[in-house]
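Fold and contact review
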Amino acid sequence: MTASQRQGWTLLLTLGLAFAMQMFTVNTLPVTTQETLLAEGGFYESLSVVGYGLCIAALIWTLRGAVLRVWYLPLVLAVMAARELDLDKSLFTRGLFKARQYTGDDVPLGERLIAALILAIIICAILLMLWRHVRPFLAALFQGRAWAGAVLLGIGFTILYKLLDGIARKLAPLGIEISADAERTAFVVEEIGELGIPVMFLAAILLWPGPAPTTAHPTNRAHRA
């Protein structure tokens, strides 16, 4: 492992510890303070949206004109930012990602068609992203590249957020009840973990070495992380 790779992994470890400390600290605060920090449109959610904006800006700055060839990456990031703002719900009768948006009788046909088109574009972007980047991502991960580790952590935060979102409601059908304190802790971890998603993706973009040396300018970042 090169020195730059060690520095990259050290950065990720530091970020991970910082988030763990935030989760622990916020969880010890009074409930009213937690609600203020973690509320919809509150401190952490606002930072998450800003984080996605920085990811998009960093991607454009890093790739310059080549960003048009990977248009789906900033699009996916923009969609994730929009979800943080609940635009997928507030701009549609039932919600962009809800089946009732496309089958419900209370949704106007025009809105249904527009929602279907937007959803189709998003699905196309995700599939294209997976098709083009899963293999090089896995190769970089096995090579110990820090940027790939950052992407993996970002995906991990995403999965964690989905699992913890409404954890008490999800466990109830299984006959599992959790205490109010445990539910509150899960909520804290979830909301702070959501901020970890754009932070890790931003770290991945900044740690990415750039195009391969055979196709890039000699002064590129080929030897970084």
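Fair warning: this is a prediction, and the values are worked out from it, not measured in the lab.

What the chain contains, in helices and strands, is ten helices and zero strands. In the chain, the order of α-helices and β-strands from amino to carboxyl end is α-α-α-α-α-α-α-α-α-α. Here the chain holds 225 residues, and the buried ones make up 34% of them. Relative to all contacts within the chain whose residues are 6 or more apart in sequence, the contacts with residues 24 or more apart total 60%.

Here the focus is the confidence of the model for the chain. With 92% of its residues at a pLDDT of 70 or more, the chain shows a mean pLDDT of 87. Mean pLDDT across the elements of the chain bottoms out in helix α9 (residues 167-171) (84) and peaks in helix α7 (residues 109-142) (94). Within the model, pLDDT remains below 50 along residues 214-224, and this stretch shows 16 contacts once partners closer than five positions in the same chain are excluded.

It is at 11 Å that the axes of helix α2 (residues 31-38) and helix α10 (residues 180-207) come closest, and there the two elements cross at 30 degrees. Considering their axes alone, α2 and α10 lie roughly parallel with respect to each other. You can see that α2 and α10 cross each other, and the crossing is left-handed. Residues V31, Q34, E35 and L38 of α2 pack against R184, F187, V188, E191 and I192 of α10. Tallied by class, residues from the contact of α2 with α10 come to five nonpolar, one polar and three charged.

If you check helix α8 (residues 146-164), its first and last C-alpha atoms are 27 Å apart, about what 19 residues at 1.5 Å a residue would give, namely 27 Å. Burial in α8 covers these residues: A146, W147, A148, G149, A150, G154, F157, Y161 and L164. Elements in contact with the buried residues of α8: α1 (3-28), α4 (72-84), α7, α9 and α10. One or two steps after α8, the chain reaches G166, where phi turns positive at roughly 65 degrees.

If you look at the biggest cluster of nonpolar residues, it comprises 41 residues, and the most contacted ones within it are L12 and I192. The set of elements that each furnish at least two residues to this core consists of α1, α3 (43-63), α4, α7, α8, α9 and α10. Not counting residues within four places of it along the chain, the set of residues in contact with I192 comprises F19, Q22, M23, V26, L38 and Y44. By size, the runner-up hydrophobic cluster in this structure holds five residues, among which are V79, L96, A115 and I122.

Given a rise of 1.5 Å per residue, 26 residues ought to cover 38 Å, and the 38 Å separating the end C-alpha atoms of α1 matches this to within 8%. Where α1 is buried, its residues meet α2, α3, α8 and α10.

Within the element layout of this structure, Q101 appears in helix α6 (residues 100-103). Look at Q101 and you get buried, because its relative accessible area is 0%. The residues touching Q101, leaving out its near neighbours within four places in the chain, are F92, T93, R94, G95, V107, E111, R112 and A115.

Before going further, it helps to examine the pattern of salt bridges. Taken as a whole and assessed by the stated rule, the structure comprises five salt bridges. Note that R184 is salt-bridged to E35, the shortest N-O span being 3.6 Å. Placement of R184 in helix α10 and of E35 in helix α2 is noted, with a sequence separation of 149 residues between them. Overall, R184 belongs to the partly exposed group, its relative accessible area being 23%. Owing to a relative accessible area of 41%, E35 belongs among the partly exposed residues under this scheme. Of the charged contacts in the structure, one is a salt bridge between D106 and R94, with a shortest N-O distance of 3.2 Å. Of the two residues, D106 is situated in the loop between α6 and α7 and R94 in the loop between α5 (87-90) and α6; the sequence distance between them amounts to twelve residues. Three or more residues joined by partner-sharing salt bridges are found here, namely R83, D86, D88 and K89.

Parameters and conventions
- Residues numbered from 1 in each chain as written.
- Predicted model: local features only at pLDDT ≥ 70, side-chain atom pairs only at ≥ 80, totals over all residues.
- Heavy atoms only, no water.
- Helix = DSSP H or I, 4+ residues; strand = E, 2+ residues; numbered from the N terminus.
- Buried < 20%, exposed > 50% of the residue type's maximum accessible area, 1.4 Å probe, protein only.
- Contact = heavy atoms within 4.5 Å.
- pLDDT = per-residue confidence, 0-100.
- Axes fitted to C-alpha atoms, helices over the stretch in contact; angles between N-to-C directions.
- Parallel < 35°, antiparallel > 145°, perpendicular 65-115°, else oblique.
- Left-handed = near helix turned anticlockwise from the far one by under 90°.
- Nonpolar A, V, L, I, M, F, W, Y, C, P; charged D, E, K, R; others polar.
- Expected span 1.5 Å × (residues − 1).
- Core = buried A, V, L, I, M, F, W, Y, C linked by side-chain atoms within 4.5 Å.
- Salt bridge = Lys/Arg side-chain N within 4 Å of Asp/Glu carboxyl O.

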